[in-house]
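Overview (structure and organization)
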Amino acid sequence: MPFILALDQGTTSSRAILFDRAGGVVAVAQKEFAQHFPKPGWVEHDPADIWATQLGVAAEVLQRAGVTAADIAGIGITNQRETTVVWDRETGQPIANAIVWQDRRTAPACDALRKKRLDRLIRRKTGLVLDAYFSATKVQWILKHVAGARARARAGKLAFGTVDSWLVWKLTGGAVHVTDASNASRTMLYNLRTGDWDDELLRLFGVPRSMLAEVRSSSEVYGHTALLGGTIPVSGIAGDQQAALFGQVCTTPGMVKNTYGTGCFLLMHSGTTPIASKNNLLTTVAWRIGGRTEYALEGSIFMAGAVVQWLRDGLGIIGTAADIEPLAASVPDTDGVFLVPAFVGLGAPHWDPYARGTLLGLTRGTTRAHIARAALEGIALQVMDVLRAMEADAGIRLRELRVDGGASANNLLMQMQADVLNVPVVRPRIAETTALGAAYLAGLAVGFWVDQADIARQWRAERRFNAAMTPAARKALAAGWSKAVARARHWAAR
């Protein structure tokens, strides 16, 4: 069985990637699915769309590669995190659309908890900042607003899961309801110290324990699927950012990766002891393998690649996402324009759900090229804010930043990133590190790869971007960005 199948279920599309023993990409299949925006700040997915597209691309990638289920040693799953699915245990049907991680509808509920100073309790137990980003208030909202849901949940008839749990449930025909420690740690219901769901938090959010998945390690056989023409073990699970950290082989404390997807996510490996952040970052499980739990510091940025989508679909100033690089490169700078992409609030280190997208510094001379360049700069500058907080928490100076995700292919953005950080930005030979991380976890569980040292030998750099900006220019850019962020803050506050 010479291949591992990775299912990469993202915010805007589902992908399936087939990897060989050398960690090389054999075939890829991808399909976008609908995004639903019922009200301002609300973002939903139909769980049936998630499942249909994911199963569809899994079958497609096998067909493209000319292989069968008999050639697949295991399936690894990586997923958009925090997105919340609630379904009926008997019928397997969702009781509502999934509430996506970007959704801000529960910000007032978080405000109410903060007024009671419960944010401190939540931070101490979970390592997370009290925010609508996480799953707990999303489950709470569904149970409150879907008719009869609370009674059905109390009767043990409903299941809650992040997207990984939903996919495993479907793949195994409802036989297995599990999650891994990395995804569990993103729900705001999981206690980092005990490694289990926290009863006090379950009571606080009104979530019956019977709804929850069993928390397992990130690399083990959870069950089997027969939906692809044969029996294949499902043997790896990790949230997308933790999977990317593993795929980038950031397995030593102090190593940092950044993934440029719909959002932007920096993770620093912090070892086997969680670091409590003093700078509004998150403490999260990186992965659990063989009873050993490793942790990470994380800074979550809500809008990165989605900003490019907005320029394409919302403003229409580019035809395809790839058009942004030549357009932005056609001007030497932004001519003083700043774009703060707080379309769904600001994540780390600001955590302001009431911030909104802001375009500043416009003049009659501003062109679409300046706006495109400001959009890319805005992504890089958000990363700068997070990294400075991360360095302060960990007490170290970053030596290099490993990058991946779709937008990491944009050479101009990567050069901007190196310039504003003043550290080398390193792009790996295999950019599909999120899916690769899931594949590695699945492969380790079934003996496809011997151990983590076997995996580490496969990592190779494709290109290294070194800082070329003068210190004075960097300082001026950072100062302008701070002013722009200040103006975006609290815009939608009541």
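What this report covers is the structure whose coordinates are included nearby. (Residues numbered from 1 in each chain as written. Predicted model: local features only at pLDDT ≥ 70, side-chain atom pairs only at ≥ 80, totals over all residues. Heavy atoms only, no water.)

1. Section: the sheet that holds strand 3 (residues 25-32)
Reading across from one edge, 3-2-1-5-14-13 is the order of the six strands in this open sheet, with mixed pairing throughout. The open sheet terminates on both sides in strands that have one partner only, identified here as strand 3 and strand 13 (219-225). Here the strands of the sheet are splayed against their neighbours by 25 degrees on average, with no regard to which way each runs. Alignment of strand 1 (residues 3-9) against strand 5 (residues 72-79), held across seven bridges, turns out to be parallel. Looking at the pairing, Gln 9 lines up with Asn 79 of strand 5. (Pairing = 2+ DSSP bridges. Helix = DSSP H or I, 4+ residues; strand = E, 2+ residues; numbered from the N terminus. Axes fitted to C-alpha atoms, helices over the stretch in contact; angles between N-to-C directions.)

2. Some details on the pattern of salt bridges
Applying the stated rule across the entire model yields 28 salt bridges. When the shortest N-O distance is used, the salt bridge between Lys 125 and Asp 198 registers 2.9 Å. With Lys 125 in helix 3 (residues 118-126) and Asp 198 in the loop between strand 11 (196-197) and helix 8 (199-205), this residue pair connects regions lying 73 residues apart in the sequence. Each member of the pair, Lys 125 as well as Asp 198, carries the same accessibility label: buried. Shared partners join several salt bridges into a network, and the residues in it are Arg 81, Glu 82, Arg 186, Asp 240 and Glu 298. (Salt bridge = Lys/Arg side-chain N within 4 Å of Asp/Glu carboxyl O. Buried < 20%, exposed > 50% of the residue type's maximum accessible area, 1.4 Å probe, protein only.)

3. Quick notes on the packing of aromatic side chains
One pass over the full model with this rule turns up 16 aromatic pairs. Aromatic pair Trp 101 and Phe 265: ring centres 5.8 Å apart, planes at 70 degrees, arrangement edge-to-face. Here Phe 265 lies in strand 16 (residues 264-271) and Trp 101 lies in the loop between strand 7 (98-99) and helix 2 (107-115), a separation of 164 residues in the sequence. Both residues of the pair, Trp 101 and Phe 265, belong to the buried class. Measuring from ring centre to ring centre gives 6.3 Å for Trp 101 and Phe 302, while their planes differ by 55 degrees; the resulting arrangement is tilted. (Phe/Tyr/Trp six-rings, centres within 6.5 Å; stacked < 30°, edge-to-face > 60°.)

4. Some thoughts on the sheet that holds strand 21 (residues 401-404)
Ordered in space as 17-18-16-15-21-22-23, the seven strands form an open sheet in which the pairing is mixed. Edge positions in the open sheet fall to strand 17 (282-289) and strand 23 (461-465), since each of these has one partner strand only. In this sheet, adjacent strand axes meet at a mean angle of 30 degrees when their direction is disregarded. Where strand 15 (residues 256-260) and strand 16 come together, five bridges link them in antiparallel fashion. Looking across to strand 16, one finds that Asn 258 is bridged to Leu 266.

5. A word on the nonpolar core
Formed by 134 residues in total, the largest nonpolar core has its most connected members in Leu 189, Met 211, Tyr 260, Leu 266 and Leu 401. By residue number, the principal contributor to this core is helix 12 (residues 368-394), which donates 15 residues. Not counting residues within four places of it along the chain, the set of residues in contact with Met 211 comprises Val 86, Arg 89, Val 139, Leu 143, Ala 153, Leu 158, Ala 159, Phe 160 and His 177. Ile 72, Val 85, Trp 166 and Trp 169 belong to the second largest nonpolar core, which has 36 residues in total. (Core = buried A, V, L, I, M, F, W, Y, C linked by side-chain atoms within 4.5 Å. Contact = heavy atoms within 4.5 Å.)

6. Some points on the pairing of strand 14 (residues 232-239)
Counting buried residues in strand 14 gives eight out of eight residues, a clear majority hidden from the surface. Of the strand pairs in this sheet, strand 5 and strand 14 are connected by five bridges, and their pairing is parallel. Paired with Ile 75 across the bridge in strand 14 is Val 234. Relative to strand 14, strand 13 runs antiparallel, the two being bridged by four bridges. Across the sheet, residue Thr 225 finds its bridge partner in strand 14, namely Ile 232. Taking the residues that link successive antiparallel strands as the turn, the strand 13-strand 14 hairpin has six residues, and the phi of Gly 229 there is positive, at about 95 degrees.

7. Here we look at the environment of Glu 90
Take Glu 90: it is sitting in the loop between strand 6 (85-88) and strand 7. For Glu 90, a relative accessible area of 70% translates into the label exposed. It is 54 Å that separates the C-alpha atoms of Glu 90 and Val 337, two residues lying 247 residues apart in sequence.

8. So, helix 3
Burial in helix 3 covers these residues: Leu 121, Ile 122, Lys 125 and Thr 126. All buried residues of helix 3 fall inside an arc of 100 degrees around its axis, so they share one side. Facing away from the buried surface of helix 3 by more than 90 degrees, the exposed residues are Arg 120 and Arg 124. Along its buried surface, helix 3 packs onto strand 10 (190-191), helix 8 and strand 17. Where helix 3 ends, the next residue or the one after it, Gly 127, has phi of about 80 degrees, a positive value. (Arc of directions from axis to C-beta.)

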